[in-house]
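# What the coordinates show
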Amino acid sequence: MDEIELLSGVLTKTTTVVAGVSEDQWRLPTPCDELSVHELMNHMVGWVQVFDAGCHGRTYERDPAEYICGHDASAEFAKAARSIVAGWEEHGFNRQVRISGGGMMPGVMVFNMTVMEYLAHGWDLASATGQANPYAEAEAADALKLAKVTLPPEYRGEGMAFGAIVPVSGEAPAIDRLIAFLGRDPAWAGSPNR
């Protein structure tokens, strides 16, 4: 599938997952170490605005780590998600993009990070709240390809954004292989997808 179709599908499905979370689930644990459901949603909604600003050539002026989503997190997420898709369609990938006050990065890398971030965190949130995995095998397989060319080994380990690769069978579904590649256990105890 082409890049925009992949991104649009992932973000649309992730919006549905966010919409499926009830406030009585906010304190539940997630596959992301030390993040509750509400904290994960804050991270997701805060960072989707960072990626939105970046793909449009703007800088997000707030600290995404301090973002607290409101009671309609899915509307907040959906608005930024639609804008991200429109931004990549309008401006393309062959350019430098700044995200969150850091230096410039290749547009393709930022695009890849967006797909990885929201497919993986959509899975995290679905697993934590008892929702089924909404992502198609082809979406997960394409996201895994992007992850393998985007995620360098130096981003893994203690205190880093990603853990060590979790061993899984090469015959496992693509979503399991992606989640394992990103350093999480696809058989996480709270997952309804097992």
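Residues numbered from 1 in each chain as written. Predicted model: local features only at pLDDT ≥ 70, side-chain atom pairs only at ≥ 80, totals over all residues. Heavy atoms only, no water.

### Details of the overall build of the chain
- Secondary structure assignment for the chain yields six helices and two strands.
- Put simply, the chain runs from its N terminus to its C terminus through helices and strands in the order α-α-α-β-β-α-α-α.
- By the compact-globule yardstick of 16 Å for 194 residues, the chain fits well, its C-alpha radius of gyration being 16 Å.
- Summarising its shape, the C-alpha atoms of the chain cover approximately 40 × 40 × 35 Å along the three principal directions.
- Split into buried and exposed, the 194 residues of the chain put 49% on the buried side.
- Taking contacts inside the chain between residues at least 6 apart in sequence as the whole, the part at least 24 apart equals 67%.
- Accessible surface, the chain as shown: approximately 9400 Å² in total, 53% of it carbon and sulfur.
- Averaging the positions of the 14 positive and the 26 negative side-chain charges in the chain gives two centres separated by 3 Å. (Helix = DSSP H or I, 4+ residues; strand = E, 2+ residues; numbered from the N terminus. Rg over C-alpha atoms; globule rule 2.2 N^0.38 Å. Buried < 20%, exposed > 50% of the residue type's maximum accessible area, 1.4 Å probe, protein only. Contact = heavy atoms within 4.5 Å. Areas by Shrake-Rupley, 256 points an atom, 1.4 Å probe, with all protein chains shown as cover. Lys, Arg positive; Asp, Glu negative; His and termini not counted. Charge placed at Lys NZ, Arg CZ, Asp CG, Glu CD.)

### Considerations on the side chain of Gln25
- Within the element layout of this structure, Gln25 appears in the loop between helix H1 (3-19) and helix H2 (37-55).
- Within polar-contact distance, the side chain of Gln25 engages the backbone oxygen of Thr129 at 3.1 Å.
- Apart from residues lying up to four places away in sequence, Gln25 is in contact with Gly20, Val37 and Thr129. (Polar contact = N/O pair within 3.5 Å; in protein donor to acceptor, adjacent residues only side chain to side chain.)

### Structural notes on the packing of helix H4 (residues 107-129) against helix H5 (residues 137-150)
- The contact between H4 and H5 brings their axes to 9 Å, and the two run at 130°. Classified by the interaxial angle, the pair formed by H4 and H5 is oblique. For the element pair H4 and H5, the recorded crossing hand is left-handed. On H5, the residues that touch Met109, Phe111, Asn112, Met113, Val115, Met116 and Leu119 of H4 are Glu139, Ala140, Ala143, Leu146, Ala147, Val149 and Thr150.
- For the contact of H4 with H5, a count of residues per class yields 11 nonpolar, two polar and one charged. (Axes fitted to C-alpha atoms, helices over the stretch in contact; angles between N-to-C directions. Parallel < 35°, antiparallel > 145°, perpendicular 65-115°, else oblique. Left-handed = near helix turned anticlockwise from the far one by under 90°. Nonpolar A, V, L, I, M, F, W, Y, C, P; charged D, E, K, R; others polar.)

### Details of the pattern of salt bridges
- The tally for this structure, following the rule as stated, stands at five salt bridges.
- Where Glu139 meets Lys13, a salt bridge forms, and the shortest distance between an N and an O atom there is 2.9 Å. With a gap of 126 residues between them, Glu139 in helix H5 and Lys13 in helix H1 connect regions that are remote in the sequence.
- Owing to a relative accessible area of 5%, Glu139 belongs among the buried residues under this scheme.
- On the accessibility criterion, Lys13 (26% relative accessible area) is partly exposed.
- Between Arg177 and Glu137 there is a salt bridge, with the nearest N and O atoms lying 3.9 Å from each other. Here Arg177 is found in helix H6 (residues 174-181), whereas its partner Glu137 is found in helix H5, with 40 residues between them in sequence. (Salt bridge = Lys/Arg side-chain N within 4 Å of Asp/Glu carboxyl O.)

### Structural notes on the side chain of Thr114
- If you trace the backbone, Thr114 turns up in helix H4.
- With sequence-adjacent residues up to four places away left out, Thr114 is seen in contact with Leu7, Phe51 and Ile84.

### Considering a negative patch on the surface
- A surface patch of like charges, here negative, comprises Asp2, Glu3, Glu5 and Glu89.
- Tracing the sequence through the fold places Glu3 in helix H1. (Patch = residues over 30% accessible without salt bridge, like charges linked within 9 Å, V, L, I, M, F, W, Y side chains within 5 Å.)

### Overview of H5
- Taking 1.5 Å as the rise per residue, H5 with 14 residues should run 20 Å; its terminal C-alpha atoms sit 20 Å apart, in good agreement.
- Every buried residue belonging to H5 is among Glu139, Ala140, Asp142, Ala143, Leu144, Leu146, Ala147 and Thr150, and all of these are buried.
- On the buried face of H5, the contacting elements are H1, H4 and H6. (Expected span 1.5 Å × (residues − 1).)

### Thoughts on the nonpolar core
- Ranked by size, the top nonpolar core spans 58 residues in total, and within it Met41, Trp88, Leu125 and Leu182 carry the most contacts.
- Elements represented by at least two residues in this core include exactly H1, H2, helix H3 (73-91), H4, H5 and H6.
- Examining the composition of this core, we find that 11 residues originate from one element, H4, more than from any other.
- Discounting residues that sit within four places of it in the chain, Leu125 has contacts with Val17, Val18, Val21, Val37, Leu40, Met41 and Met44. (Core = buried A, V, L, I, M, F, W, Y, C linked by side-chain atoms within 4.5 Å.)

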